Amino acid sequence: MCCESKRRFLLLYATQKGQAKAIAEEIWQQAGAHGLEADMHCISEMDKYNLETEKDPVVIVISTTGTGDPPDTARKFVKKIQDKTLPPDHFAHLQYGLLGLGDSEYMFFCNGGRTVDRRLQELGAQHFYDTGLADDCVGLELVVDPWIDGLWLALKEALHLQKEKEGMNSAVDAVSSSLSPTLHTVHELNLSSEIQNLKLEDGGARGSDILSQKLDDINLVAPARDTEPSLVHSVPPVSQSALNIPALPPEYIEVQFQDAQDEVSHNSCPLLVSHLATAAMGTFCQAQLKLVCFEVHQVEVWISPNRDSLPFKEGLNPHLPSLISEGTTFEVPVTKAVQLTREDAIKTALLLELDIADTAFEYQPGDAFCVICPNNGSEVEELLHILGLSEKGDNLVCVKVKQGTKKKGASRPQHIPERSTLKFILNWCLEIRAIPKKAFLRALVECTSDASEKRRLQELCSRQGASDYTRFIRDSNVCLLDLLHAFPSCKPSLSLLIEHLPKLQARSYSVSSSNLYQPGRLCFVFNVVEFPASPSRPVSRKGVCTGWLAELVAPLLHPSKSTLDTKGESSSTEKITIFPRPNNAFHLPADPSVPFIMVGPGTGISPFIGFLQHRQKLREQHPDWKFGETWLFFGCRHQDRDYLFKDELRCFLENGTLTYLKVCFSRDSSTAEVAPPKYVQDVLRLCAKEVARVLLKDRGYFYVCGDKKHMADDVSDAVVDILSMEMEADKLEAMKILAMLREAKRYLQDVWS
Ligand code: FAD
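Criteria and cut-off values
Residues numbered from 1 in each chain as written. Predicted model: local features only at pLDDT ≥ 70, side-chain atom pairs only at ≥ 80, totals over all residues. Heavy atoms only, no water. UniProt positions renumbered as here; feature names shortened; annotations may be inferred. Buried < 20%, exposed > 50% of the residue type's maximum accessible area, 1.4 Å probe, protein only. Helix = DSSP H or I, 4+ residues; strand = E, 2+ residues; numbered from the N terminus. Pairing = 2+ DSSP bridges. Right-handed = clockwise from strand over helix to strand, strands pointing away. Polar contact = N/O pair within 3.5 Å; in protein donor to acceptor, adjacent residues only side chain to side chain. Salt bridge = Lys/Arg side-chain N within 4 Å of Asp/Glu carboxyl O.

The name an unreviewed UniProt entry gives the protein is Methionine synthase reductase, with Corvus moneduloides as the organism. Quoted verbatim from the Subunit (unreviewed entry) field of UniProt, the annotation for the protein is "Forms a multiprotein complex with MMACHC, MMADHC and MTR." The annotation that UniProt attaches to the protein under Subcellular location (unreviewed entry) is "Cytoplasm".

Shown next as structure tokens:
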């Protein structure tokens, strides 16, 4: 690498959950190796940079949150650039490259990045590098890695041009011809947002095609495999020299544990000096290896048995709510639990009732709220055992930023208290079920002593192992424990887990009640998520939150004599911690005379029970008001096993709260000559005329709730077909109408996976 003085570029990130920041940090770290220097800031730190006068190239990494919004940290920035008085050449001096992060399972994929990109273009800024849009649904790395690879060449060219512009003749570094960017080019369509979000031809899926193509191009030969490949497969250990890696001096970072005698023992773990990003397998030797140094540990962890210095005693840590939510939290008793499905139903749906009477918690029907849940207790015990820390679970842990860390802006992760216990961190703070990212696998390589296990881990996090990573890690939903079972010689340190495992997120649930109908009560409904055993997961598991809730309320569902009160009703002292989820347009129309359609198969019916309860109460209280018609489309597998709220719906129909109820059963066999509709979208199509009338003529509302993966798209496809048929318009026109309905907040979705 040429030692010419480093050239600067401005690196801005806008992050919601930390991914954009982590990627910016990776760019920052790699810049040095390319003779470049990144001046990195969070986009919100507007006093630290000035785009109005910026001459150097700008790199922006920005995620998307909510329904296509830029992250909270970018709000001020977006507001500023959206100022309508800015002239079209406001940023004519600016050259930039933008990497957007998103999830194509959500509406308005990468809209945070797209919004900023579009506006910068409108203000005259120039791309020095094509925009990348990375999709968390298929793996951010499919776009992020090649985008970063290509960035260096583009940056150097941009800096070169800039130098020329400045009248300086010295050339920038000779550029390595091996850097050939594989880009995920954005083709923006000049259509409404609805249409822009149709899958673009050059979309995420193609990212992986490009990647596989790239692998084919360099003619790599995969090592021989068993006919049935698995997470771990045996490959001959390959020495460093065989991989053409120059020998590097061993460097060590110390992680300090304070043992029972208060002596400090040194449990050293080698610094990961070789980032085997481009090749790892023995037969992949010809591919050129890149060596990028990065520091593994930013944090130091101390474990001490001295519990006197704990900031809290037993029970729920008072820090917990503030760690998990920025708002106010409420600890509320669970007063009722009802199993809504029969024992032989494929999924178990439970309804829980919470007593919020003594709290200031407020909600409207249609709102969602969050439940703070811990990890599964036996998984935490197992993890402690594997880490060799079983005896230290209750010891005090102090987490600090490592002194002298070179990582810019290194800080203790905000979701880890400075002082707590080991069990607290593993129970309440870290998402131990998270699918390990490649960077985590890379770090685990260095904690693995067995050569073939090490090798396999290297493969899984290498570029060439991308399809294996997708197949065996991402698609198999492998978590840390599964990995540690598959790679028994891998012994990561606690600080490594703290650095790599994301924050344990609170889970959201839609309210299934009305405060008008049941004052002081809040109900919600959920399916207990089940993950069966598989080749990569020897034991079956339940969802983190739903599994925990099901266990917590088991005494209410199956009351024993000891839990029955004097009236023979079951009582519980169990409490859960909840907080409101800011939102939300998913509410009843303000004008009760406006008709509305509700589509909620399975547990998607939940908020509509709240709507109907509310509507029933309003009808009782205001007999003189005019109420619009109400439609509910519900679907489940079997009429007699999982038809949720069957009796309640019959009552709503009988008392006129619900005008039309349309139900379908996807797995019941039928002897009818014409097969009955299976899914809600099929029933919608049968009611095409009425649906179109409610939406177009009566200016009604349309609500969809439930599974985002399939149902929500199928329903919106059906609505497009209905509009197109009833209006005798082409599909594009119908899509525009639907986009308009969405924008007017008359087509509303509350969907989840
Ligand atoms: P988790 O452990 O988080 O697992 C959930 C998902 O992670 C799985 O679906 C799967 O995709 C993946 N996963 C994790 N581990 C594995 C594995 N080993 N194998 C396979 N897949 C795996 N849910 C309801 O039931 N009712 C509601 O009313 C409701 N309302 C919601 C409202 C909103 C606004 C949102 C965002 C979500 C809502 N959800 C609702 C979903 C809910 O928040 C949870 O995601 C759901 O209950 C599962 O949580 P969990 O912790 O039990 O499962």
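Concerning the pairing of strand S21 (residues 630–636)
The two faces of a sheet get side chains in turn, since along a regular strand they alternate between them. The buried fraction of S21 amounts to seven of the seven residues, a majority that puts the element mostly inside the structure. Here S21 shows a buried face lined by Thr630, Leu632, Phe634 and Cys636 and a second buried face lined by Trp631, Phe633 and Gly635. Sheet topology note: the strand S20 (residues 596–599)/S21 ladder contains four bridges and is parallel. In the strand pairing of S21, Met598 is matched with Leu632. In this view, the connection linking S20 to its parallel neighbour S21 by way of helix H17 (residues 606–621) has right-handed handedness. As judged from the six bridges shared by S21 and strand S22 (residues 660–665), these two strands associate in the parallel manner. In the strand pairing of S22, Leu632 is matched with Leu661. In this region the chain leaves S21, passes through helix H18 (residues 646–654) and returns to the parallel neighbour S22; the handedness of that crossover is right-handed.

Concerning the side chain of Ser493
Note on placement: Ser493 falls in the loop between helix H13 (480–486) and helix H14 (494–500). The class for Ser493 is buried, based on a relative accessible area of 12%. Here Ser495 takes part through its side chain, which lies 3.2 Å from a polar atom of the side chain of Ser493.

Details of unusual backbone geometry
Only a minority of non-glycine residues have a phi that is not negative, and only a minority of peptide bonds are not trans. Phi is positive for Asn477, which is not a glycine, with a value near 50°. With respect to the element layout, Asn477 can be found in the loop between helix H12 (466–474) and H13. A positive phi angle, close to 55°, is found at Phe645, a residue other than glycine. Look at Phe645 and you get buried, because its relative accessible area is 7%.

Re the pattern of salt bridges
For the structure shown, the criterion picks out 29 salt bridges. In this structure, the salt-bridge partner of Asp39 is Arg8, at a minimum N-O distance of 2.9 Å. On the criterion of sequence distance, the pair formed by Asp39 in strand S2 (residues 36–42) and Arg8 in strand S1 (residues 7–14) is long-range, its members being 31 residues apart. For Asp39, a relative accessible area of 22% translates into the label partly exposed. Put simply, Arg342 and Asp640 hold a salt bridge, and the shortest N to O gap is 3.8 Å. Placement of the pair is Arg342 in the loop between strand S10 (330–339) and strand S11 (349–355) and Asp640 in the loop between S21 and H18, with a sequence separation of 298 residues. For Arg342, a relative accessible area of 38% translates into the label partly exposed. According to the relative accessible area criterion, Asp640 is partly exposed, its value standing at 46%. Three or more residues joined by partner-sharing salt bridges are found here, namely Arg8, Asp39, Glu54 and Asp56.

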